[in-house]
Every structure is written in structure tokens, then in C-alpha cells.
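# Notes for the structure review
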Amino acid sequence: RPRTTDPPRRPGSMVGLLPQTNAAAQAEVLGDAWDYRGRPAARSTTGRWGAAAMILVAELNERLTTLGIAVNLVTYLTATMHVGNAEAANVVTNFMGTSFMLCLLGGFVADSFLGRYLTIAIFTAIQVQGVTILTISTAAPGLRPPACTAEGGGIGTCSRASGAQLGVLYLALYLTALGTGGLKSSVSGFGSDQFDESDRTEKSQMMRFFNWFFFFISLGSLLAVTVLVYVQDNLGRPWGYGACAASIAVGLVVFLAGTRRYRFKKLAGSPLTQIAAVVVAAWRKRGVQLPTDTSMLYDIDVACTCCITGCSGQK
């Protein structure tokens, strides 16, 4: 019987097919970023403007909320809580200063433990709680002193807020400051994580992202000092601070809605940890005797140094 044979195959028809397929697959994923399931992030379905836009909304609402509270807080403390002008101004500066100082804590937590995504989500939730407590404190009659009562001479008698009433107010303010510090420390970095610097197109998009980022900061500040101040002065503090609470809550929801689209980077570690390690090591070795040969104080690769400077006459 004649033996059947396979049809002739053209030489080189399968050569390089598998390597080309692998190269194409590698071009579709990023080696230094992962999706929300821990898989290598696909370039076409993660990151870029689809994810960055949601981060911008979160930053817009954070700026609107924080500045909407701080810009008109002095008048609330003096007119409603009946504290002095100097004390009211001190409360506001402490609130804003704490917000910025806590960025150090937020950055340390994000770089060393939680990552930027979880840090933003957790601290934004804390800020929502703080602004909600602040809104309740302005609406509940028991959490603010009674209004001033006018006497016969025309000069009103005002009762200063009690310690418990001020305690609730300070709790709300510093929870808000804690949330602001954690969010602000990571939001711009997490936005830049959505773009691949090795890709020319995405690198250009990253530069535009930072332009839009500062535009949204300015837009949130503008809305806070115009719209929110108008609402607070004409409709009441509960409405104004309630709008702040609703704004940051919406920002949190929008941010969480983009979870499937985000790109996540590996924890890089905080430089504060490295600085602290150097300080601790120096303190522990403070009693060590210095060597007589000062060259022993340096960690130098002699072979590499000889290659550069030439050590033909040295032993």
C-alpha cells in the first residue's frame, strides 16, 4: 500500500511564530504595574485617562471640602460658638497646619504599609466621618451655645460654648484634617501611576495630567470661596457643611468606582524609614573607636577604582 505523507510545508513557515506572539502579549501588559486582582496590568484596559479622571474628581471634592470648611470657619467660631477672635484664628491655623503636617504620616503609611490606593480610600472615609460630625454639630441645638440675648442697653449677652461642645467641634475638625493629610499625600502620586513613563504617548499624557490636577485644585478652591461661602452665609451652616460632607462622600464613591481600571505599583518603601535606620545605627555606634587608617572609613571597590584611575604602580 502506498504510504500517505503529510503535505509539504514551506520552509520557515512556523519559524518565529511563538516568539512574535509572546512579544505581542508582553506589549499589552506592564511589567511594573498590576490590576486590582494582582495580575499584570493590561495596557488597553487599565490606567490612562479613564482612571486618572476619577482621581481628579476625588481631588476636586477634597479641595472643595477642606477649603469650604476653613475659609469661613472664623466667623462660625466667633458668631455661633462665641469664642474670641484670636482664639478662632488660632483654631483655623491649627486645623490647616495639621492637615498639611499629616501629609507626612499619610505618605509614610502609603509607601511602607498600605499603598496609595488603600491610603486614599481609608483616609477619605475618615474625612467623610469628620465632615459629617461637623455638619451634625452645626445642626444639633445641644452642640452649640444659645444665641446671644439682647439687654436693655442694647449690648447682648453671649454664652461661650462649653467644653463638650468645643470638644465635638475639635473632634470633627481634626478627623477632617487627618483624612485630608492622608488623601493629599498620595493622590497625585497615584494619578501618575496610571501612566507608563516608558511609553512616549502615556508620558505626554502624564504631563497633561499634572496640569489638570492643579487646575482641579484651583477650581475646587474657587467653588469653596464663592458657592459654599454663599450657602453658609445665606442658607445656614448646616446646609453649607452638609454640602461639604456630600461632596467628599461623592468623591469617595467615584474613586472607589474606578478600582477595576486602576494600575497598582509595588510599595517602594518610605525614605523616612531609611533616614531613621541611619540615625539609629549612628547612635548605637557612637562609642566605636575610629581606625587609624582613614581609608577604612569608606566602602570602596578597589578593583573598580583601579580601572578608573589606574593602579599599575600600587600593590
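Residues numbered from 1 in each chain as written. Predicted model: local features only at pLDDT ≥ 70, side-chain atom pairs only at ≥ 80, totals over all residues. Heavy atoms only, no water.

The protein carries the name Major facilitator superfamily (MFS) profile domain-containing protein in an unreviewed UniProt entry, which gives Aegilops tauschii subsp. strangulata as its organism. Listed under Sequence similarities (unreviewed entry) in UniProt, the entry text for the protein is "Belongs to the major facilitator superfamily. Proton-dependent oligopeptide transporter (POT/PTR) (TC 2.A.17) family." Looking at the Subcellular location (unreviewed entry) heading of the UniProt record, one finds this comment for the protein: "Membrane". (UniProt positions renumbered as here; feature names shortened; annotations may be inferred.)

### Brief notes about the pattern of salt bridges
This structure, assessed with the given rule, holds 9 salt bridges. We note a salt bridge from R43 to D196, for which the minimum N-O separation is 3.2 Å. With R43 in the loop between β2 (40–42) and α2 (48–70) and D196 in the loop between α6 (163–192) and α7 (200–234), this residue pair connects regions lying 153 residues apart in the sequence. Accessibility expressed as a relative area gives 19% for R43, which makes it buried. Judged by relative accessible area, which is 8%, D196 ranks as buried. Here E87 makes a salt bridge to R160, at a shortest N to O gap of 2.9 Å. Within this pair, whereas E87 is found in helix α4 (residues 85–114), its partner R160 is found in the loop between β4 (156–157) and α6, the two being separated by 73 residues in sequence. Taking the relative accessible area as the measure of exposure, E87 reaches 29% and is therefore partly exposed. R160 gets classed as partly exposed once you look at its relative accessible area, which sits at 42%. (Salt bridge = Lys/Arg side-chain N within 4 Å of Asp/Glu carboxyl O. Helix = DSSP H or I, 4+ residues; strand = E, 2+ residues; numbered from the N terminus. Buried < 20%, exposed > 50% of the residue type's maximum accessible area, 1.4 Å probe, protein only.)

### Section: α6
With 30 residues, α6 should cover 44 Å at 1.5 Å per step; its first-to-last C-alpha distance of 44 Å lies within 8% of that length. The axis of α6 is deflected most strongly, by about 30°, at S186. (Expected span 1.5 Å × (residues − 1). Bend = angle between axes of the 7 residues up to and from the residue.)

### Here's the deal with the state of the cysteines
All told, the structure shown has 1 disulfide when counted by the stated rule. Bridging C148 to C158, the disulfide has an S-S length of 1.8 Å. Across the S-S bond of C148 and C158 the torsion is about 110°, and the bridge reads as right-handed. Highlighted residues: C148 in the loop between α5 (116–139) and β3 (149–150) and C158 in the loop between β4 and α6, separated in sequence by 10 residues. Since its relative accessible area comes to 37%, C148 is described here as partly exposed. Among the residues examined, C158 registers a relative accessible area of 44% and is labelled partly exposed. (Disulfide = S-S within 2.5 Å.)

### Digging into the nonpolar core
With 27 residues, the main nonpolar core has I69, L77, M81, L169 and L173 as its most contacted residues. Elements represented by at least two residues in this core include exactly α2, α3 (73–79), α4, α5, α6, α7 and α8 (237–257). Residues contacting L173, with those up to four places away along its chain left out, are I69, L73, V91, F95 and L134. One finds L60, L183, F213 and Y262 within the second-largest nonpolar core, a separate group that totals 21 residues. (Core = buried A, V, L, I, M, F, W, Y, C linked by side-chain atoms within 4.5 Å. Contact = heavy atoms within 4.5 Å.)

### A word on the UniProt feature "transmembrane region" (unreviewed entry) in the protein
With numbering matched to this structure, UniProt assigns "transmembrane region" (unreviewed entry) to residues 91–110, 116–136, 209–232 and 238–257. Taken end to end, residues 116–136 comprises 100% helix and 0% strand; its first and last C-alpha atoms sit 30 Å apart. With 100% helix and 0% strand, residues 238–257 has end C-alpha atoms that lie 28 Å from one another.

### Things to note about the layout of surface pockets
By volume, the largest pocket is sized at about 240 Å³. Forming the boundary of the largest pocket are 14 residues, of which G115, R116, K265, K266 and L267 lie nearest the centre. Listing elements by their share of the lining of the largest pocket, those giving two or more residues are α4 and α5. In terms of residue class, the lining of the largest pocket is built from 8 nonpolar, 1 polar and 5 charged. (1 Å grid on protein atoms, 1.4 Å probe; cavity = no way out; pocket = protein on both sides within 12 Å on 5 of 7 lines; lining within 4 Å. Points joined across faces, edges and corners; volume = space filled by probe spheres on them. Nonpolar A, V, L, I, M, F, W, Y, C, P; charged D, E, K, R; others polar.)

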